Amino acid sequence: EAGVTQFPSHSVIEKGQTVTLRCDPISGHDNLYWYRRVMGKEIKFLLHFVKESKQDESGMPNNRFLAERTGGTYSTLKVQPAELEDSGVYFCASSQDAGGRETQYFGPGTRLLVL
Amino acid sequence: AQSVTQPDIHITVSEGASLELRCNYSYGATPYLFWYVQSPGQGLQLLLKYFSGDTLVQGIKGFEAEFKRSQSSFNLRKPSVHWSDAAEYFCAVYTNDYKLSFGAGTTVTVRA
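Residues numbered from 1 in each chain as written. Chains lettered and ligands numbered in written order. Predicted model: local features only at pLDDT ≥ 70, side-chain atom pairs only at ≥ 80, totals over all residues. Heavy atoms only, no water.

### Focus: the overall build of chain B
Along the backbone of chain B there are zero helices and twelve strands. Start at the N end of chain B and walk to the C end: the helices and strands fall as β-β-β-β-β-β-β-β-β-β-β-β. On C-alpha atoms alone, chain B measures out to a radius of gyration of 13 Å, which is about the 13 Å that the 2.2 N^0.38 rule sets for 112 residues. When each of the 112 residues of chain B is scored for burial, the buried share is 48%. Within chain B, contacts between residues at least 6 apart in sequence are counted, and of these 53% link residues at least 24 apart. Of the side chains in chain B, 9 bear a positive and 9 a negative charge, and the two mean positions are spaced by 2 Å. (Helix = DSSP H or I, 4+ residues; strand = E, 2+ residues; numbered from the N terminus. Rg over C-alpha atoms; globule rule 2.2 N^0.38 Å. Buried < 20%, exposed > 50% of the residue type's maximum accessible area, 1.4 Å probe, protein only. Contact = heavy atoms within 4.5 Å. Lys, Arg positive; Asp, Glu negative; His and termini not counted. Charge placed at Lys NZ, Arg CZ, Asp CG, Glu CD.)

Written as structure tokens, this is what we have:
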């Protein structure tokens, strides 16, 4: 069974540019999560999809971030325009169901550097 | 709010020596606790999890963790580390609203 995949693995962009990150969850997983780790800080929750619906987007930093999950399959996270403080590692995770007993399976992350 | 603290930012251990990583949680009820590991270039991999019952939890790669309610701790241990255990380790607690709250992580360096 394929795990959670993310693309690209690395991205270097200039301030003001747009970047789109993609996450493909494990097949059949309705729940998809985005997390971010800014340099030297904790991994922080960004948002949670259940199928194509946003269940919780309380962790999204501001309106420069837009997440979508078309058809309840893969998800994209767009940053437009990117700022220096957006640099970090963006993780995607998925789980079959939501709830504390459900394991969230993480992808390898996308390392974003904004110059 | 539920949270975890990992007091040690970096630990260096000799190959073959024992390892213990500390994690303290803040939560009113019985927490759902997790340890994840991130090896260089890899994603976060679940080592083990605790929900209830036996307070000593066995995980993958020879790791175990002990839940101690009286100390609000969930420390991770391994009796004998291997060079491949060099990685960053994260303790996490499940919050009531479907997300994980992570500690800052502990980087483990293994010396020969």
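What follows picks up the thread again.
### A closer look at the interface of chain B and chain A
Residue-level contacts link 21 residues of chain B with 21 residues of chain A. Between chain B and chain A lies a buried interface of about 1900 Å² when both sides are counted; carbon and sulfur atoms form 55% of it. Counting the contacts that link chain B with chain A gives two salt bridges. A salt bridge links A:Arg37 to B:Glu88; the shortest N-O distance between them is 2.8 Å. Within the side of chain B that touches chain A, the residues separate by chemical class into twelve nonpolar, five polar and four charged. (Buried area = accessible area lost by both parts, 1.4 Å probe. Salt bridge = Lys/Arg side-chain N within 4 Å of Asp/Glu carboxyl O. Nonpolar A, V, L, I, M, F, W, Y, C, P; charged D, E, K, R; others polar.)

### Some points on the nonpolar core
Counting 26 residues, the largest nonpolar core has B:Trp35, B:Leu48, B:Phe74, B:Leu76 and B:Tyr89 as the members making the most contacts within it. Only strand E2 (10-14), strand E3 (19-21), strand E5 (33-38), strand E6 (44-50), strand E8 (64-68), strand E9 (73-78), strand E10 (87-94) and strand E12 (106-111) of chain B provide two or more residues apiece to this core. Ranked by the residues each element gives to this core, the list is headed by E10(B), at four residues. Core analysis: the next-biggest nonpolar cluster, separate from the first, contains 21 residues, A:Phe49, A:Phe65, A:Ala82 and A:Tyr90 among them. (Core = buried A, V, L, I, M, F, W, Y, C linked by side-chain atoms within 4.5 Å.)

### Observations concerning the state of the cysteines
Considering all chains together, one arrives at two disulfides over all chains under this definition. Each sulfur of the disulfide joining A:Cys23 and A:Cys92 lies 1.8 Å from the other. The disulfide joining A:Cys23 to A:Cys92 has a torsion of about -65° about its S-S bond and is therefore left-handed. Within this pair, whereas A:Cys23 is found in strand E3 (residues 19-24), its partner A:Cys92 is found in strand E9 (residues 88-95), the two being separated by 69 residues in sequence. Like A:Cys92, A:Cys23 is buried. Here B:Cys23 pairs with B:Cys91 through a disulfide, and the sulfurs are 2.0 Å apart. Here B:Cys23 and B:Cys91 share a disulfide; its torsion about the S-S bond, -65°, makes the bridge left-handed. (Disulfide = S-S within 2.5 Å.)

### A closer look at the pattern of salt bridges
Residues and elements named next belong to chain A. The full count for this structure, using the stated rule, is twelve salt bridges over all chains. The closest approach of N and O atoms between Glu-85 and Arg-64, which form a salt bridge, is 4.0 Å. Remark: Arg-64 occurs in the loop between strand E6 (53-56) and strand E7 (65-68) and Glu-85 occurs in the loop between strand E8 (75-79) and E9; sequence separation between them is 21 residues. On the accessibility criterion, Arg-64 (13% relative accessible area) is buried. Here Asp-86 ties to Arg-64 by a salt bridge, and the two come within 2.5 Å at their closest N and O atoms. In this pair, Asp-86 is assigned in the loop between E8 and E9 and Arg-64 in the loop between E6 and E7, connecting sequence segments 22 residues apart. Classification of Asp-86 by relative accessible area gives buried; the value is 2%. If you follow the salt bridges from partner to partner, you end up with Arg-36, Arg-64, Glu-85 and Asp-86 in one network.

### As for the pairing of E9(B)
Residue and element names in this part refer to chain B. Across the six residues of E9, five count as buried, placing the element largely inside the fold. The pairing of E8 with E9 spans five bridges and is antiparallel. What sits directly across from Glu-64, in E9, is Arg-77. In sequence, E8 turns back onto E9 through a hairpin of four residues, with Ser-72 there showing a positive phi of about 50°. (Pairing = 2+ DSSP bridges.)

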